[in-house]
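Per-entry structural report
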Amino acid sequence: AFGVIADIQFADAEDGHDFGGCRRRYYRHSLRLLREAVREWAGESPPIDCVLQLGDSIDGQNARRGEAESALQQVLEVLGQLSVPVHHAWGNHELYNFSRARLVHTGLYSRPAGGSDGPADRECHAYHCSPAPRLRLVVLDSYDTSTLGTEPGSPRYQESLRLLREKNHNDDLNSPEGLKEPRFVAFNGGFSQAQLDWFDEVLKFSDENQEKVIVMAHVPIHPCASNGVCLAWNYEAALSVIHAHGCVVCVLAGHLHYGAYCLDSHGVHHLTVEGLIETPPDSNAFGTIYVYEDKMVLKGRGRIPDRVMQF
């Protein structure tokens, strides 16, 4: 069993709204809701095995306020009350606050320190582990190709900017307005070929060892688990890797705050988890997933509905 939570986006700030001005964001209350989630996970019996934090743990405005380090520390202190590992995905808001080089030296770097569990690029926050026999967790870095958190002169930045400008002709690269492929905005990102090749090798191993695989990333990788905008740039490439193997049973993501779900044509469940940041203080948005031989059962809290996902 493991906990899931997405888009905490904590900031010590008054309530605000999303970029469209429509959806309310409860920056300060998100930390209190996280505490409630941690209390419930800590009380689970039998104990849960880990927690998956699906990215955007703190809000981008912390960078402007000079509070990125202190905000992150407060979130990590709450999560640190758990006696089980927390696996972190990196989202766009992490990269608004910190460079990739800095994130490697924070508590959000949950990739193990040694061994061959991730790509050769240590700044690529992708890795795999086995939380239980015949079960593998793969954490993907959906901003491995991105203009966020990278030096403007770096090859990663230049290539990402070239791709963005080729697909997005708006002055504001965060705007999907009028785009044929609206996912090509700066607040999304994609997967490098090196990461995809590594991912393919991990899934080959799991096929050979008859494992079931759960994948997590910040950005959804299936259009039916998205709104068409909050979607990885090269989601088709990631799906091609998954569909070339039989081991993946579920892909978990955040980023789209009102959540989504689909079962794809290859029988893979794609669950986009509702964001904590847009959850009113009298509700919540987290869940516990119980894994069985033939299914996963999500017990949701507040905005997150219960769900049974058969294999």
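This write-up is about the structure you can find in this document. (Residues numbered from 1 in each chain as written. Predicted model: local features only at pLDDT ≥ 70, side-chain atom pairs only at ≥ 80, totals over all residues. Heavy atoms only, no water.)

1. A short note on the nonpolar core
For clarity, the cut-off: In plain words, nonpolar cores are sets of buried Ala, Val, Leu, Ile, Met, Phe, Trp, Tyr and Cys residues tied together by side-chain atoms within 4.5 Å. Partly exposed describes any residue whose relative accessible area lies between the buried limit of under 20% and the exposed limit of over 50%, with all areas from a 1.4 Å probe on protein chains only and scaled to the type maximum. The contact criterion used is simple: two residues touch if any of their non-hydrogen atoms lie within 4.5 Å.
Grouped together as the largest cluster of nonpolar side chains are 83 residues, with contacts concentrated most on Leu34 and Leu252. For Leu252, the residues in contact, after removing those within four places along its chain, are Phe2, Val4, Leu52, Leu54, Ile214, Val215, Met216, Ala217, Leu271 and Ile289.

2. Observations concerning the sheet that holds strand E11 (residues 269-272)
The condition that has to hold: If DSSP finds at least two bridges between two strands, the strands pair. We count a stretch as a helix when DSSP gives it H or I for four or more residues in a row; a strand needs E for two or more, and each element gets its number in order from the N terminus. Only the contacting stretch of a helix is used when fitting its axis, a line to C-alpha atoms as for every element, and angles between N-to-C directions run 0 to 180 degrees.
The strand order across the open sheet built from 6 strands is E6-E7-E8-E9-E11-E10, with neighbouring strands paired in mixed fashion. Of all the strands in the sheet, the pair left with one neighbour each is strand E6 (127-132) and strand E10 (260-263). Within the sheet, the average angular offset between the axes of one strand and its neighbour, ignoring direction, is 15°. In the sheet, strand E9 (residues 248-253) pairs with E11 via 4 bridges, with the strands oriented parallel. Directly across from Cys250, in E11, lies its bridge partner His269. Each of E6, strand E7 (135-139), strand E8 (212-216) and E9 is contacted by helix H7 (residues 193-208), which is oriented at about 175° to E7, the strand it contacts most.

3. Section: the side chain of Asn97
What counts, and what does not: By the criterion applied in these results, polar contacts are pairs of N or O atoms within 3.5 Å in which, for protein atoms, one can donate a hydrogen and the other can accept it, and in which residues neighboring in sequence qualify only through two side-chain atoms.
Looking at the secondary structure, you find Asn97 in helix H4 (residues 92-97). According to the relative accessible area criterion, Asn97 is buried, its value standing at 12%. At 3.0 Å, the side chain of Asn97 forms a polar contact with the backbone oxygen of Asp59. With residues near it in sequence (within four places) discarded, Asn97 still touches Ile58, Asp59, Gly60, Asn62, Ala63 and Ala68.

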